[in-house]
Structure formats: C-alpha cells, structure tokens
Amino acid sequence: MIPWLETNTPFPDVSEALTIDAPGLLAAGADLSPQRLLLAYQNGIFPWFSEGQPILWWSTDPRMVLYTDDFKISDSLKKTLRRVERSRTAGGRWDVRFDTCFEAVMRACAAPRKDGPGTWISEDIIDGYTGLHQMGYAHSSEVWLDGQLVGGAYGVCIGRMFYGESMFARVSDASKVALAYLVAFLRQHGVRMIDCQQETAHLASLGAAPISRERFVQHLRAAIREPAITDWQVVPPFAAER
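Source: prediction; values computed, not measured. Here the residue index of a chain counts from 1 through its sequence in written order. Reporting in this predicted model follows two pLDDT cut-offs: at least 70 for local features of residues, and 80 or more for side-chain atom pairs to be given and counted; totals over whole chains, interfaces and linings ignore these cut-offs and use all residues. The basis for every side-chain value is the complete set of heavy atoms in the structure, and neither hydrogens nor water enter the calculation.

1. Structural notes on the packing of helix 3 (residues 102-110) against helix 4 (residues 123-134)
- Contact geometry for helix 3 and helix 4: axes closest at 10 Å, N-to-C directions at 150°. The angle between the axes of helix 3 and helix 4 places the two elements in the roughly antiparallel class. The handedness of the crossing between helix 3 and helix 4 is right-handed. In this structure, helix 3 uses Phe 102, Glu 103, Met 106 and Arg 107 to contact helix 4, whose residues at the interface are Glu 123, Ile 125, Ile 126, Tyr 129, Thr 130 and His 133.
- A class-by-class count of the residues in the contact of helix 3 with helix 4 yields 5 nonpolar, 2 polar and 3 charged. Lines are fitted to the C-alpha atoms to define the axes, a helix being fitted only along its stretch in contact, and any angle between axes, read from their N-to-C directions, falls within 0 to 180 degrees. Secondary structure elements follow DSSP: runs of H or I no shorter than four residues count as helices, runs of E no shorter than two count as strands, and numbering proceeds from the N terminus. By definition in this entry, angles of less than 35 degrees are roughly parallel, angles greater than 145 are roughly antiparallel, angles of 65 to 115 are roughly perpendicular, and the rest are oblique. The crossing is said to be left-handed when, going from far helix to near helix, the turn is anticlockwise and less than a right angle, and right-handed when the turn is clockwise. By the convention used here, residues are in contact when the closest approach between their heavy atoms is within 4.5 Å. Polar here means any residue other than Ala, Val, Leu, Ile, Met, Phe, Trp, Tyr, Cys and Pro, which are nonpolar, and Asp, Glu, Lys and Arg, which are charged; Gly is therefore polar.

2. Let's talk about the sheet that holds strand 1 (residues 4-5)
- Within the open sheet, the 4 strands sit side by side as 1-2-4-3. Their pairing is mixed. At either margin of the open sheet sits one strand with a lone partner, and together these are strand 1 and strand 3 (46-47).
- When DSSP finds two or more bridges between a pair of strands, those strands are recorded as paired. Sheet analysis places strand 3 next to strand 4 (residues 56-58), joined by 2 bridges and oriented antiparallel. Of the residues in strand 4, the one forming a bridge with Phe 46 is Trp 58.

3. Here's the deal with helix 4
- Multiplying 1.5 Å by the helix residue count minus one yields the expected span of that helix. For helix 4, built from 12 residues, the straight-helix expectation of 16 Å at 1.5 Å per residue is met to within 8% by its first-to-last C-alpha distance of 16 Å.
- Only protein chains enter the accessibility calculation, which uses a 1.4 Å probe. A residue is then buried if its area is under 20% of the maximum for its type, exposed if over 50%, and partly exposed in between. Looking only at helix 4, the buried set comprises Ile 125, Ile 126, Gly 128, Tyr 129, Thr 130, Gly 131 and Leu 132.
- In this structure, the buried residues of helix 4 make contact with helix 1 (34-42), strand 3, helix 3, strand 7 (138-145), strand 8 (148-158) and strand 9 (161-169).
- Backbone geometry just after helix 4 places Gly 136 at a positive phi near 95°.

4. Some points on the pattern of salt bridges
- Any Lys or Arg side-chain nitrogen located within 4 Å of an Asp or Glu carboxyl oxygen qualifies as a salt bridge. Here the structure, examined in full by the defined rule, presents 7 salt bridges.
- Across the pair Asp 195 and Arg 63 runs a salt bridge whose closest N-O atoms are separated by 2.9 Å. Taken together, the residues span a long stretch of sequence, with Asp 195 in strand 10 (residues 193-197) and Arg 63 in strand 5 (residues 63-67) at a distance of 132 residues.
- Asp 195 gets classed as buried once you look at its relative accessible area, which sits at 0%.
- Given a relative accessible area of 0%, Arg 63 falls into the buried group.
- A salt bridge links Glu 85 to Arg 88; its shortest N-O distance comes to 3.0 Å. Remark: Arg 88 and Glu 85 occur in helix 2 (residues 75-90); sequence separation between them is 3 residues, near one turn of the helix.

Printed below as a string of structure tokens:
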C-alpha cells in the first residue's frame, strides 16, 4: 500500500518504495507544481503515470544513469555531428540552441510517435516543467534545420545534477545530436551524471547503465549542493566523444 499525498504532504523516504507488483512506486497524489517537482527531484523521485491515473511518484532501484564520461558516439553519429557543427558555426542549414523554445520541445516529445500513441506528457506536466524552466531549473537542447525545430531533449538541472526527461526527432539522429551537445555542455560544467530513470536498450546503446538507488541518491545529494549552472551556451560536442 502506497501513501496518498495531499498538497502539503511531504514525500516518504525513497526506501519505502514498493519492491514487488510495481517496483519503485513510492506514492500517489499531490500536484505537479514546480515546487513539488523540484522537491521530488531533490530526493531522487520522479512522476510517471498514464492518462486516467492519479499522479504516481517513483524512485526505481536500480536506477538507469548515464555518466557523461561514458557517453558513446558511434562513427555515423560522429560524422553527423561534424556536419552539424560546421553548418552551425558557418550560419548554414543546421543550428543547435539551448532554451529558446522549451515548451515546443516538450510538446514535440508529447506528440504521437510512428510506433504508437503520444507519451504520458500531459498539459499539467507541460505546465509544471515550463514553470521549472521559468525558474531556471529545466532546460532544452534544440536541433534546427532550415529554421525548423527537428529534434530536441529536455530535463531538469539542480546544481551539478541533470535529470533527463524525454527526447524527440523529426529527422534521423536529431535527438542524438541534441543529446550529444547537451552532454558536451554538461561535461564542461562538471556534471558527471545524467539521470535516465528507467532502463532501455536505446539508453544502454548510448552508454547508460543501471546503478543502485543508494548510490544514485548519494551522488545526487552531493551534486545538488553544487553551484547552479547559469551560462547555458552551446559548445561543440566533440569533447563528449568516446
């Protein structure tokens, strides 16, 4: 049995999350205000639920993470990144930006996919994370082609801890390009870990791996106390090559 949270109810300790039936499920209820979301991330908790369900809060064990030093760039992606970077610096067809259209990135991530319906990203989720963006905690990495947004990724950054949320691509490899530029930026600013929440083969192919919740929480507690990153300027992705 998980607790029901009212607006002012604090989160239970992550050690109280379920271990069977729905492993990692910690609580339900409360709201998706920026303040509640910020409190969740500070404690290693994230929201995830389907349409028609109450708000569900999770703290999975193990936790899928991507150490920025372990990010893998395939040979084909490396070629794409070089082409994008040449174009970006020369004012060509391609461009990469941070935080110029955060809500549009979220809505693109929420849109129906070729292989299924849209994601769980609802209007309430968009409102909550847009609020975090306005507070300086949520950020987007955006890939543009001929002036059109064709790929992106977004997440939450507290101190030197980044929590990845979702990515999208409208042209081949655009989401990976967005991630590569994001990883390069985070590495340059001393961010060692990106939270990926749940294990997938796609994330594993990019270098992500599961770690224990205890180890994850230990890392984030130190990282969120570091100074916030204030200068979100695009840097070349090649420092992220491995």
